[in-house]
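Secondary and tertiary structure notes
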Amino acid sequence: MDYVLAALIGCFIALGVYLLLSRSVIRMLLGMTIFGNGVNLLIFTAGRLTREVAPIIPSGLDQPEGVIANPLPQALILTAIVIGFAMFSFLLVLAFRAYQSLDADDTDTMRVAEPVDEPNPPLSY
Amino acid sequence: MNTIIFRTIAPLIVAIMLVFSVYVCLRGHNEPGGGFIGGLIAASAIAILGTAIGPAAARRALHIDPMNIAGFGVFMAAFSGLLSLFTGSPFMTSIWLYLNLGDTTVPLSTPMVFDIGVFLVVFGTIAAIALGLEGDGGERS
Amino acid sequence: MGLGMDASIALVAIAPFVAALLAPLAQRLTKPFAGWVLAAVPLAIFAFLLTLVEPVIANGAVSASIGWVPAYDLNLSFFVDGLSLTFALTISGIGALIVLYSGAYLKGHPHLGRFLGFLLAFMGAMLGLVLADNMLALFMFWELTSVTSFLLIGFDHTRQASRRGAIQALVITNIGGMGLLVGALLVHHLTGTWELSALGDEVRGSGLYGLVLFAFLCAAFTKSAQVPFHFWLPNAMEAPTPVSAFLHSATMVQGGVYLLARTTPWLGGTEAWTLILVCFGGATLLWGALGALRQTDLKQMLAQTTIASLGLSVLLIGLGTEAAIAAMALYFVAHALYKAGLFMVVGAIDHEAGTRDITVLGGLADKMPVTFIGAALASLAMIGLPLTLGYFAKEEMYLGLLAWTWSDIVVLVVLVAGNAMLAGVAMLVMVKPFLGPVLPTPKSPHEAPLAMLAGPILLGVCSIVFSVLTEDLGKYLLVPAASAILDHPVTSHLTLAINPASPLLWLSIATWGLGLLVYRQAATLRTLLRRAEAALGWTADNLFDVVMFGLIRFSAGVTRLLHHGRLEIYLVTVFGALALALTLPMLLLGGYDVLLPTAELGNWSDVLSWPDLRIYEWGVVLLALVGLGSVLLAPNRLVAIMALGIQGTAVALIFLLFGAPDLAFTQFMVEILSVVILALVMTRLRLDERDHRPLEDLARDGTLALVCGVGVSLLLMVVLTGTLDKRLSDLFTATSVPIAHGANIVNVILVDYRGFDTLGEIAVVMGAGMAIMALLRRRKKATS
């Protein structure tokens, strides 16, 4: 079953990259989210998969009974999800503002910081 | 989205979600849950409230600016770590205090304070984002 | 003495920096007397250094060391021997006079305090440079002299010529600074020590000698303005005159000469050393002397003669005989005395008469008699007449070349010709402005103030006093300095007596005679030289501009190439690199071999057997694929948003199925919120719904995406064949309840074991929130 998930993660990454390479800012946002999900799943799978047993110790015991899921990747991913969401919100608002002030969501037309015809630096002292 | 059914039912949902979020946050140390999830649930509740009664009214209902809540959360989390310095241990060493209240024992601990801090940060930040985006409504470029 | 010797010597280099910081304040408090007050600092240093003369003569050297970065074996160590002391005394003595002079020269200038500060800082750097024993400290002070001289030359920063001169000096001397650093590192690599005084024969014997020599010569030649790096010095004359009098006569430019003298014991004496130094020194001497005759601006004439004198010093070090080194030591002091004096005189003329052009000046002796005396004293020393220090220097340099071999004769001819031209220039500087008919000048000239006269007169008198006290001159100056350079004791044989039978006398007379001839024919020579220059067309100075502008153009081109502003290309670069990083090493190093069917694993049919997924697990995978596919093919943005929600939900379900309820809940909530806020924003934008990519872009992006995806999949599969190091997870699992009192291990890791990380992460979330608020509010303000 690991290999099926590995292939699925490949699909996530591929689609994420493909959308990120698009010129539309909103599509890039979608790509970002999908790419993030892919990476989270990658970490999750690399920590090995265990069916249905959550890393929770039954009450009254000091140690889990039998095999439990690997808790470490889960802790890593949990914060990654929340930070990823904060990042996503920020990019969304940024794209929104860029659209409002530039009236475009095509990255090719967003050239305020790096104008196309930037003059040469002056040749003097 | 502003149907009468939604507006009527929203406060009820919001109330349940808020209570549930606190429950999820507090039980997190021993069962699925914790500050991150609790904060997200509470923030969703505020987002629903904002959609139903309008972001301005939702802000008024909160009384405190959500970003201030988030700031307080960071402060609380950091403070919980600082407490251990008084016992002479390194930063963020946990301290546990079991209160015996008759039949039950209530565990109080610095990780719990820390988790509440996380809850407040996630809740405050995401509620602020949601309300901010909703509040921008009607304003077209 | 209150302080220990170590601290006192260190203070010599540090005190000027402290004084520099206080200079602007001192200037404000003591307005007209700022020069007088601040001159006390170099004067005190001079006095302290004088007390070191006796111990240095008695012991050969005094050393001091204070720890700097002990962990790296770096010490701020100082080493005072005859050579360092000669330089340090010259620097601090002339420095005191210059500070005094500057106070009067720039009287009323709004930035006088800053100027004096720069000057004192430069002096500190220069003192540190000549006293340092540690090569890294030497390098640091060396660079500090470059930086402070940049500030001083560019002091009048509103003029372009001034800025150009400053940048040129900085660039050229910094090339040398890099050379010095490389040289120091190589020497450390070869010998394992940073201390100059600890170096012996190791460097000369090593295979890297050529490289070390090149690095050090690079440093010395750029600093001391040797051909072909000479051109920065005339341009540095854009600096206020006190700067030229200080930096470009006795100190900064002598740094290279000092370095060569300092390295002579362990770097010099080889054939390559002699050949290179004599050739470049000789060329610089002649080039500078000819350059001086070409000029009519007094300051430019002096600058060119400085180049010539530097060439002469380098040549003498290159010869390396006892007489040559003694001559070099004498010549250094003589030159410092008369050149600083002459610069100050020229400054006074410029200040009082309003011009420095030799062709329009004349008859100033009546109006400025004291200035004239100062000029005469300095010029006579420059000509090298008896009873001046210059005389002895000249005698000594000829003395070493009386073996009458061919090479000696060639060098002798070069020396006589160079000295004759310098003497001619000295006569021009002494006679033209002061004697002859009175010519009208822009300002009506009158005597300069005392502070501006003290320097030239005092220095001129010193020159004569030294030469009269022949015995003391030998004992206190020549012997210690020459011994330090040659690393073995030398004896002095200076005498005032003139021996008519000696060829030395006749060489001197020849020099003076030729000098007189040059003086008489100055105008003709100038015309000829200018014609020659015009015929030559371009100079190294033009080349500097070409190189600098070329650099600017090149860097602009590189910036445009790398920083073209097309996000799409940036991303293609990033993901192209990702695709290569994922696949190339694995392919080349055979990382994928573990996936191939082997004897143990069986054959392909086993590997390709139906995976043991349960039906609902297949369902979730299918759901994820549907979500992904819908995002890609969505006909409009609402469908795309919904599809995004579907794939997110599928991810949450995967978490749930494989034992991660916390993740599943979080993912659900995030997915819902994402869809909500995306919908909130997107419905307000009137966006183009379709993905417009040209077919070739589509192919390129698709290929990249596929390679990335396949690369990640294969990487993960390879990872899964290995064994997982579960030590950390096991530790957390085992101690979660007993130590951390929590049954939910994931939560315990987040809030307890890795609490510090989580604190950082919630701070990031908070930061993102604040950034978003700022973006949203800015708009509100703009609209309201």
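Residues numbered from 1 in each chain as written. Chains lettered and ligands numbered in written order. Predicted model: local features only at pLDDT ≥ 70, side-chain atom pairs only at ≥ 80, totals over all residues. Heavy atoms only, no water.

1. Here we look at the interface of chain A and chain C
Here is the rule: Whether two residues are in contact is decided by their heavy atoms, any of which lying within 4.5 Å being enough. Throughout, the accessible surface (probe 1.4 Å) given up by two parts as they are put together, summed over both, is called the buried area. Each salt bridge in this description consists of a side-chain nitrogen of Lys or Arg and a carboxyl oxygen of Asp or Glu lying within 4 Å of one another. Contacts described as polar in this section are N or O atom pairs within 3.5 Å, which, within protein, must combine one atom able to donate a hydrogen with one able to accept it, while residues neighboring in sequence count only if both atoms come from side chains. Helix and strand assignments follow DSSP, with helices taken as H or I runs no shorter than four residues and strands as E runs no shorter than two, numbered in order from the N terminus.
In this complex, chain A contributes 89 residues to the contact, which on the side of chain C involves 108 residues. At the boundary of chain A with chain C, total buried surface from both sides reaches about 9400 Å², with 73% on carbon and sulfur atoms. Sorting the residues of chain A by area buried against chain C places Tyr18, Leu21 and Tyr125 of chain A first, and these three jointly supply 10% of that buried surface. With its nearest N and O atoms 2.8 Å apart, the salt bridge here joins Glu568 of chain C to Arg23 of chain A. Where chain A touches chain C, the interface holds 16 residue pairs in polar contact (both at pLDDT 80 or more). Contributions of two or more residues to the side of chain A that touches chain C are made by helix H1 (2–20), helix H2 (25–46) and helix H3 (71–102) of chain A.

2. Observations regarding the interface of chain A and chain B
Condition: In this classification, the charged set is Asp, Glu, Lys and Arg, the nonpolar set is Ala, Val, Leu, Ile, Met, Phe, Trp, Tyr, Cys and Pro, and all remaining amino acids, among them Gly, are polar.
Between chain A and chain B, the residue contacts involve twelve residues of the former and twelve residues of the latter. Of the roughly 980 Å² buried where chain A meets chain B, counting both sides, 79% is carbon and sulfur surface. Per-residue buried area on chain A facing chain B is highest for Ile56, Val82 and Gln100 of chain A; these three make up 40% of the total on that side. Across the chain A-chain B interface, the total number found is zero salt bridges. At the boundary of chain A and chain B, one finds zero residue pairs in polar contact (both at pLDDT 80 or more). Residues that form the side of chain A that touches chain B fall into these classes: eight nonpolar, three polar and one charged.

3. Here's the deal with helix H31 (residues 727–735) of chain C
Here is the rule we go by: Buried residues are those whose accessible area, probed at 1.4 Å on protein chains only, stays under 20% of the maximum for their type, while exposed residues exceed 50% and partly exposed ones sit between those limits.
Inspection of H31 of chain C places Ser729, Phe732, Thr733 and Thr735 of chain C among the buried residues, and these make up the whole buried set. Buried positions along H31 of chain C lie against H3 of chain A together with helix H32 (745–753) of chain C.

4. Some details on the packing of H3 of chain A against helix H5 (residues 110–135) of chain B
The description of two packed helices rests on the angle between their axes and on the distance between the axes. We count it as follows: Axis geometry follows a simple rule: fit a line to the C-alpha atoms, using only the stretch in contact for helices, then measure angles between N-to-C directions, giving values from 0 to 180 degrees. Angle categories are assigned with fixed cut-offs, so that under 35 degrees is roughly parallel, over 145 is roughly antiparallel, 65 to 115 is roughly perpendicular, and the rest are oblique. In a left-handed crossing the near helix is turned counterclockwise from the far helix by less than a right angle, and in a right-handed crossing that turn is clockwise.
Direction vectors running N to C along H3 of chain A and H5 of chain B enclose 25°, while the axes themselves pass 12 Å from each other. On the basis of the axis angle, H3 of chain A is roughly parallel to H5 of chain B. Our pair here, H3 of chain A against H5 of chain B, has a crossing hand that is left-handed. Where H3 of chain A approaches H5 of chain B, its residues Val82, Phe85, Ser89, Leu92 and Val93 of chain A are matched on the opposing element by Val122, Ile126, Ile129 and Leu133 of chain B. For the contact of H3 of chain A with H5 of chain B, a count of residues per class yields eight nonpolar, one polar and no charged.

5. Focus: the side chain of Gln27 of chain C
By the secondary structure assignment, Gln27 of chain C is in helix H1 (residues 5–29). Ignoring sequence-local partners within four residues, the contact set of Gln27 of chain C consists of Ala34, Leu112 and Gly113 of chain C.

6. A closer look at the confidence of the model for chain B
All names here are of chain B. Note the following rule: Values of pLDDT, the confidence the predictor places in each residue, fall between 0 and 100.
On average, residues of chain B carry a pLDDT of 84, and 93% of them reach 70 or more. The least confident element of chain B is strand S1 (residues 96–101), whose mean pLDDT is 74; the most confident is helix H1 (residues 4–27), at 91. Under a pLDDT of 50 for its full length, residues 137–141 has, in the predicted model, eleven contacts with residues more than four places off or in other chains.

7. Side note on the nonpolar core
Where a protein is soluble and globular, its nonpolar side chains tend to be buried together. The test is simple: For the purposes of this section, nonpolar cores are sets of buried Ala, Val, Leu, Ile, Met, Phe, Trp, Tyr and Cys residues that join through side-chain atoms within 4.5 Å.
One finds Trp232, Phe246, Leu260, Leu267, Leu330, Met397 and Leu415 of chain C to be the most contacted residues of the largest nonpolar core, which totals 199 residues. Per element, the largest residue contribution to this core is 22 residues, and it comes from helix H16 (residues 322–353) of chain C. Ignoring sequence-local partners within four residues, the contact set of Trp232 of chain C consists of Gln168, Ala169, Ile172, Thr173, Thr222, Lys223, Ala225, His248, Met252 and Val253 of chain C. Membership of the second largest hydrophobic core comes to 135 residues, among which are Ala42, Phe123 and Ile129 of chain B together with Leu663 of chain C.

8. Some thoughts on the packing of aromatic side chains
Residue and element names in this part refer to chain C. For the record, the criterion: Ring pairs shown here join Phe, Tyr and Trp side chains whose ring centres sit within 6.5 Å, with only the six-membered ring taken for Trp; geometry is labelled stacked below 30 degrees between planes, edge-to-face above 60, and tilted in between.
Here the structure, examined in full by the defined rule, presents 18 aromatic pairs over all chains. Each ring, one from Phe87 and one from Tyr258, has its centre 5.2 Å from the other, and the planes form 65°; the classification is edge-to-face. Within this pair, whereas Phe87 is found in helix H5 (residues 82–105), its partner Tyr258 is found in helix H13 (residues 254–267), the two being separated by 171 residues in sequence. Owing to a relative accessible area of 2%, Phe87 belongs among the buried residues under this scheme.

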